[in-house]
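# Breakdown of the fold
Here are the chains, one letter per residue:
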Amino acid sequence: MPDSKTVDATVREADVSAEATSRSGSQKVIYAAIVANLGIATAKFIVAGITGSAAMVAEGIHSAVDTGNEFLLLLGERRSTRPADRKHPFGYGKSLYFWALIVALSVFSLGGGLSIYHGIDALENPPPLEDPTWNYVVLGVAALFEGYSWNVSRKALNAVRKPGASLWQTVRASKDASVFTVFIEDSAALLGLGIAALGIALGQYFGNPYADPIASILIGLLLIAAAFMLARETGGLLVGESIDRDQLAALYTLFRREPALDSVTSLRTMQMGPEEVLLAASVQFRRGMPIDEVEQAIARIEAAVAAEHPVIRQIYFEASALRTSLC
């Protein structure tokens, strides 16, 4: 029978392997978004310069901001994998959530703010209507690239999607800020492309130069809404979000199976990163248990948690529970 050290080493190796696979999937989503947005932003700005379309300028700003945001997410991914040290004893997992929050602020201020500003400026000085052919070509190509990037993030979300859960519920439950940030950004981008195309088409059909700037303003408002959505999701994780209710209920069931426990007062969890959770357990061991039996019970609990909830990397038992058992 393998000793506890061998079991611990095996569990750690499995955790590292699972985390590496998850990180690889997250980075694939980010790289796909960078490739798509970089090419799209360049094309949009070129066509916007030719046609003078305010909506195309807004879309160019949107894609440029998204490209920069993806690089910020890569920075967060890299920093979050740094090992724990004296200054950060619980590791750097939350770095990803910090940089994802910066992305949300970027979408709000640069994406939304500049799009609205440019739209208002174009309303005051509307450019003459030009042949919109190239606008439609670029918007169509952009839709293909954005659709590809969106589909990559959708597949990553579907990989962790629970039976019966909607895609939006999966986004809300996701702890991987890289994946849900790209998904929300790409969803906003696809909607923005539709708004831009509609604004250009209405302007041409009615001969009205104001439809295009109004589309730019609407795109800005859409980006602000996406920014608030991102800020809410990443802010909750950064502050210290718990695991979901089903996982917590399963955790209580696991602890209550341990015969050495009289009661389970509370189990508090905190998401420390996409694949790392901290657990603080307030339990009552049976009174009068010898210290070696308490240690064995703790080892059984830790092994069971590692097997059923591998994302829980650290477990802390309240000292009062241990003192009570030894009285």
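See the structure shown above.
So, here's what we can say about the structure. Note that the structure is a prediction, hence the values are computed from the model and not measured. (Residues numbered from 1 in each chain as written. Predicted model: local features only at pLDDT ≥ 70, side-chain atom pairs only at ≥ 80, totals over all residues. Heavy atoms only, no water.)

Here the focus is the environment of Asp-121. Examined against the element boundaries, Asp-121 turns out to sit in helix 3 (residues 95-124). Residue class for Asp-121 comes out partly exposed when judged on its relative accessible area of 34%. (Helix = DSSP H or I, 4+ residues; strand = E, 2+ residues; numbered from the N terminus. Buried < 20%, exposed > 50% of the residue type's maximum accessible area, 1.4 Å probe, protein only.)

This part takes up the packing of helix 8 (residues 245-256) against helix 9 (residues 291-308). Put simply, helix 8 and helix 9 touch, their axes get as near as 10 Å, and they point 150° apart. Here helix 8 lies roughly antiparallel to helix 9, going by the angle between them. The handedness of the crossing between helix 8 and helix 9 is right-handed. Packed against helix 8, whose contacting residues are Leu-251, Leu-254 and Phe-255, the element helix 9 presents Ile-301, Ala-304, Val-305 and Glu-308 at the interface. (Axes fitted to C-alpha atoms, helices over the stretch in contact; angles between N-to-C directions. Parallel < 35°, antiparallel > 145°, perpendicular 65-115°, else oblique. Left-handed = near helix turned anticlockwise from the far one by under 90°. Contact = heavy atoms within 4.5 Å.)

This part covers the sheet that holds strand 2 (residues 276-285). Taken together, three strands build an open sheet; the order of strands is 1-2-3 and the sheet is mixed. Edge positions in the sheet fall to strand 1 (261-273) and strand 3 (312-317), since each has one partner strand and no second. Between one strand axis and the next, the sheet turns by 20° as a mean value, whatever way the strands run. Summarising the sheet, strand 2 and strand 3 pair through five bridges and their orientation is parallel. (Pairing = 2+ DSSP bridges.)

In this section: the packing of aromatic side chains. For the structure on display, the rule yields seven aromatic pairs. Ring geometry for Phe-285 against Phe-317: centres 6.3 Å apart, planes inclined by 45°, an arrangement best described as tilted. Taken together, the positions of Phe-285 in strand 2 and Phe-317 in strand 3 put the pair 32 residues apart, joining distant regions of the chain. The exposure classification of Phe-285 matches that of Phe-317, with both residues buried. Three or more aromatic residues joined by ring pairs form one cluster here, namely Phe-255, Phe-285 and Phe-317. The ring of Tyr-92 has Arg-82 sitting right over it, with the charged end atom 4.4 Å from the ring centre. (Phe/Tyr/Trp six-rings, centres within 6.5 Å; stacked < 30°, edge-to-face > 60°. Lys NZ or Arg CZ within 6 Å of the ring centre and 35° of its normal.)

Turning our eyes to something else, we now look at the nonpolar core. In this structure, Met-56 and Phe-180 are the most contacted members of the largest nonpolar core, which totals 48 residues. When residues of this core are traced back to their parent elements, those giving at least two are helix 1 (4-51), helix 2 (54-80), helix 3, helix 4 (133-158), helix 5 (167-173), helix 6 (177-206) and helix 7 (211-239). Core analysis: the second largest hydrophobic core is formed by 23 residues, Leu-267, Leu-279, Met-289 and Phe-317 among them. (Core = buried A, V, L, I, M, F, W, Y, C linked by side-chain atoms within 4.5 Å.)

Take the environment of Pro-209 next. Looking at where Pro-209 falls in the secondary structure, it is placed in the loop between helix 6 and helix 7. In this structure Pro-209 comes out as partly exposed when scored by relative accessible area, which is 24%. As a C-alpha pair, Pro-209 and Glu-130 span 79 residues in sequence and 9.8 Å in three-dimensional space.

A cluster of nonpolar side chains, contributed by Trp-134, Val-137, Val-141 and Phe-145, occupies part of the molecular surface with about 390 Å² of accessible area. Relative to the helices and strands, Trp-134 is located in helix 4. Look at Trp-134 and you get exposed, because its relative accessible area is 54%. (Patch = residues over 30% accessible without salt bridge, like charges linked within 9 Å, V, L, I, M, F, W, Y side chains within 5 Å. Areas by Shrake-Rupley, 256 points an atom, 1.4 Å probe, with all protein chains shown as cover. Salt bridge = Lys/Arg side-chain N within 4 Å of Asp/Glu carboxyl O.)

Another point: the pattern of salt bridges. A side chain of one charge can pair with a side chain of the opposite charge when the charged atoms of the two come close. Scanning the entire structure with this criterion turns up nine salt bridges. Close ionic contact of Lys-162 with Asp-244 constitutes a salt bridge, the shortest N to O distance being 2.8 Å. In this pair, Lys-162 is assigned in the loop between helix 4 and helix 5 and Asp-244 in the loop between helix 7 and helix 8, connecting sequence segments 82 residues apart. Look at Lys-162 and you get partly exposed, because its relative accessible area is 39%. For Arg-172, the salt bridge identified is with Glu-233, shortest N-O distance 2.6 Å. Of this pair, Arg-172 sits in helix 5 while Glu-233 sits in helix 7, and the two are 61 residues apart along the sequence.

This part takes up helix 8. Taking 1.5 Å per residue, twelve residues should reach 16 Å; helix 8 reaches 17 Å between its end C-alpha atoms and fits that length. Every buried residue of helix 8 is accounted for by Leu-251, Tyr-252, Leu-254 and Phe-255. Looking straight down helix 8, one finds that the buried residues subtend no more than 160° of arc, so they occupy a single side. Across from the buried face of helix 8, at angles greater than 90 degrees, the exposed residues are Arg-245, Asp-246 and Arg-256. Buried positions along helix 8 lie against strand 1, strand 2, helix 9 and strand 3. A distance of 3.2 Å separates the backbone nitrogen of Asp-246 from a side-chain oxygen at the start of helix 8, and that oxygen is part of Asp-244. (Expected span 1.5 Å × (residues − 1). Arc of directions from axis to C-beta. Polar contact = N/O pair within 3.5 Å; in protein donor to acceptor, adjacent residues only side chain to side chain.)

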